[in-house]
Amino acid sequence: MTQVLARKWRPKNFDELVGQEHVVKALSNALIQNRLHHAYLMTGTRGVGKTTLARIIAKALNCEQGVTATPCGKCAACVGIGSGRFVDLIELDAASNTQVDSMRELLESALYAPTSGRYKVYIIDEVHMLSKSAFNAMLKTLEEPPAHVIFILATTDPQKIPVTVLSRCMQFNLKQIPPQQIRNQLQYVLEQEGIACEPGALPLLARAAAGSMRDALSLLDQAIAHGGGRVEEVAVRAMLGAVDQTYLFSLLKALAARDATTMLAEAERMSERSIAFDAALQDLGVLLHRIALAQTVPAAIPDDEPEREVLFELAAVFAAEDVQLYYQIALQGRGDLTLAPDEYAGFTMTLLRMLAFAPEERGARSQEAGAPAMVASVTVPATAARSAGGVLEERAVTKLAPARAVVPSQPASTFDGDWPMLVGKLKLGGMAKMLAQHCELKRHEGGRMDLVVPEAHKHLLEKAYREKLQAALEEYFGDKLRIEFSIGAGGGNTPVEVSSREKEAKQAQAVAVIEQDPFVRELVENFDAHVVESSIKPVQ
C-alpha cells in the first residue's frame, strides 16, 4: 500500500522542518546547551508542524547518542519514536480525552521512571479542549515535575488555556508557512518522487493550502490522482474550483478602462463555464493584494512569479488607494453573496459597485475652465432633519480651483527640466514606470540627463528597467540621449513626492472651500450638522 505524501514526507529532524526557522533555532540552542524546560507549548494553525516538532524533540531527548539537536534517526529510540512504538513517548488527544480521570491516570504514570529512554515525553494535542478539572490536575505536576518528565502541549487556540498553565510553559508560536516556501517544498517532493508537473499548478496548490504544509501535501496527492500520475494545471484548477486568472486580469483591465460591457461579458463567460463566483471573489481579493504588494513592496513579488509582468502592469494603471477600495469591495461582495438573489447577480453587482466608486479619469469631469471640483459629505442629525420638515435640499457643493498648466512636448535641447511633467508623458508601464516616478533630475544639458534614485528604491535600477526608461525618453525627444543613474539623497522632487505634495495641497484647499461654503455653514449652524472631513475629495 502506497503511503500518502503527508506521512511519507513528514519531517524527521529539525533540518527538514519547513518555515519554522525561528523555533528550530531556539530549540536547537537549548538542546546543545542542555538548557531544558519541563513543559513546552506549541501554538499555531493546523498543519504547520506542532506535533511533528514535538516528536522531533522527543527524538532529540532520547537519542542513544545523548541529548542532541541532531538526533541520529537510526538508533532504537529514534526509530521507535518515528514509528510510534516508543514506550516512553505517550501521546494524548485532548479532544477525545477531556475529562479529569484521563489526566489523573496519565499523571500517575508520570511518577514512574522511563522504561527504556532517558526521558518520558508526554505530547498532549489540542490541549485547550481539556476540562477545567483536568487543567487543575495537570497544574500540580507542572509546578513540581519529576526530573525525568517532559510535557509538550500543542494547541490551535492558546486563548482557552488557563494563564496558570501558560505561565509554567515555554511557548513557541509556529507561523503559517508562506506560499513560496510551500511551493518550493512541493517542487522538491515531486522531483524526489519523479512526478511531472506543470509550472502553473504549484502556486495554486500553495495558495489553497493556506499556510499548512500538511494540507499542501494532501492536496498534492489529490492533484496527482486527478492528473493520472502527473500534476496538471487544468486538473488542479478543476479540483480546487480555482478561477482562471486570465478572467480576473481581463476584469481588472476592463475596470481600469471603465468598460462595463467587457466586465459583464467576462462575468457571463465565467457563468457559462460554471465557475464558482465565491471562489472568483476570493481569488480577486488575492490578486488585488498582490497588486498592492507590487505597488508598495515590489521585492515581495518573486522574480520567478509566472504572473509577475501582468501584476506590475496592473499596478501601474491603478492608484494605490483605488486598489485598497476594490479590495474592500471584493471582500464585502463575497460576504454578501449568500444574501444576493443568486450568485451571478451578487458577483456582477460587486463589479458594478467597483465601477460606481471608480474615480473619474483626469479631465473627464471638468466643471468650468477645466478646473477640479470638490465633493464632500455633510452629516445632519435626524432630529434636525425632522424639524426642517424631513427634507433637505440636495445640492452638490462645487468650488473652483486653478488647474495645472499642460506643458507641450519639446526637443531635448529646449527641455525646461520639468521631470514630473515629462514622466507623465512617457509611454511607460510596470517597473520602468516606477523607476521613472522615483527618479529625481539633478542635471540636464543637451542630450545628457543625470538621474538620482533614493537608497530605498535602488532595487528599481535593474538594467532592463533602465533600458526601457531610456528608450521611452529617446522616443519622446526623437533623439539619442545619454542617461546617467546614481543612488543618493535627492531634494524631494521625484514625481511621486511632487504628486504627494500636490494631493495634500488640493486636499487642504478642498477642506477649506467646503467648510466656508454658505450652504454647508447654514447646515452646521442651524441643524447641528458636521462635515465628514475624510469624505472630502478633490475630483479632477
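Nothing here was measured: the structure is a model prediction, and the numbers come from that model.

Undergrad: Would you take a moment to explain the layout of surface pockets for this structure?
TA: Quantified by volume, the second largest pocket comes out at close to 790 Å³. Lining of the second largest pocket is provided by 27 residues; of these, Pro 179, Pro 203, Ala 206, Arg 207 and Val 286 occupy positions nearest its centre. Class assignment of the residues belonging to the lining of the second largest pocket gives a composition of 16 nonpolar, 6 polar and 5 charged.

Undergrad: What is the right way to read the packing of helix H14 (residues 277-296) against helix H15 (residues 308-317) from this model?
TA: Across the interface, H14 lies against H15 with an axial gap of 9 Å and an inter-helix angle of 75°. Considering the angle they form, H14 stands roughly perpendicular to H15. Contact residues: Leu 287, Arg 290, Ile 291, Ala 294 and Gln 295 in H14; Leu 311, Phe 312, Leu 314 and Ala 315 in H15. Residue composition of the contact of H14 with H15, grouped by class: 7 nonpolar, 1 polar and 1 charged.

Undergrad: Hey, could you run me through empty space enclosed by the protein in this one?
TA: Sizing a probe to match a water molecule and rolling it over the atoms shows the empty space that remains. For the coordinates displayed, the defined rule picks out 1 cavity of 30 Å³ or more. Computed from the structure, the largest cavity encloses a volume of approximately 40 Å³. Lining the largest cavity are Leu 27, Ala 30, Leu 31, Leu 36, Tyr 40 and Ile 57. The element that contributes the greatest number of residues to the lining of the largest cavity is helix H2 (residues 21-32), accounting for 3 residues. Of the residues contributing to the lining of the largest cavity, the split by class is 6 nonpolar, no polar and no charged.

Conventions and cut-offs
Residues numbered from 1 in each chain as written. Predicted model: local features only at pLDDT ≥ 70, side-chain atom pairs only at ≥ 80, totals over all residues. Heavy atoms only, no water. 1 Å grid on protein atoms, 1.4 Å probe; cavity = no way out; pocket = protein on both sides within 12 Å on 5 of 7 lines; lining within 4 Å. Points joined across faces, edges and corners; volume = space filled by probe spheres on them. Nonpolar A, V, L, I, M, F, W, Y, C, P; charged D, E, K, R; others polar. Axes fitted to C-alpha atoms, helices over the stretch in contact; angles between N-to-C directions. Helix = DSSP H or I, 4+ residues; strand = E, 2+ residues; numbered from the N terminus. Parallel < 35°, antiparallel > 145°, perpendicular 65-115°, else oblique. Contact = heavy atoms within 4.5 Å.

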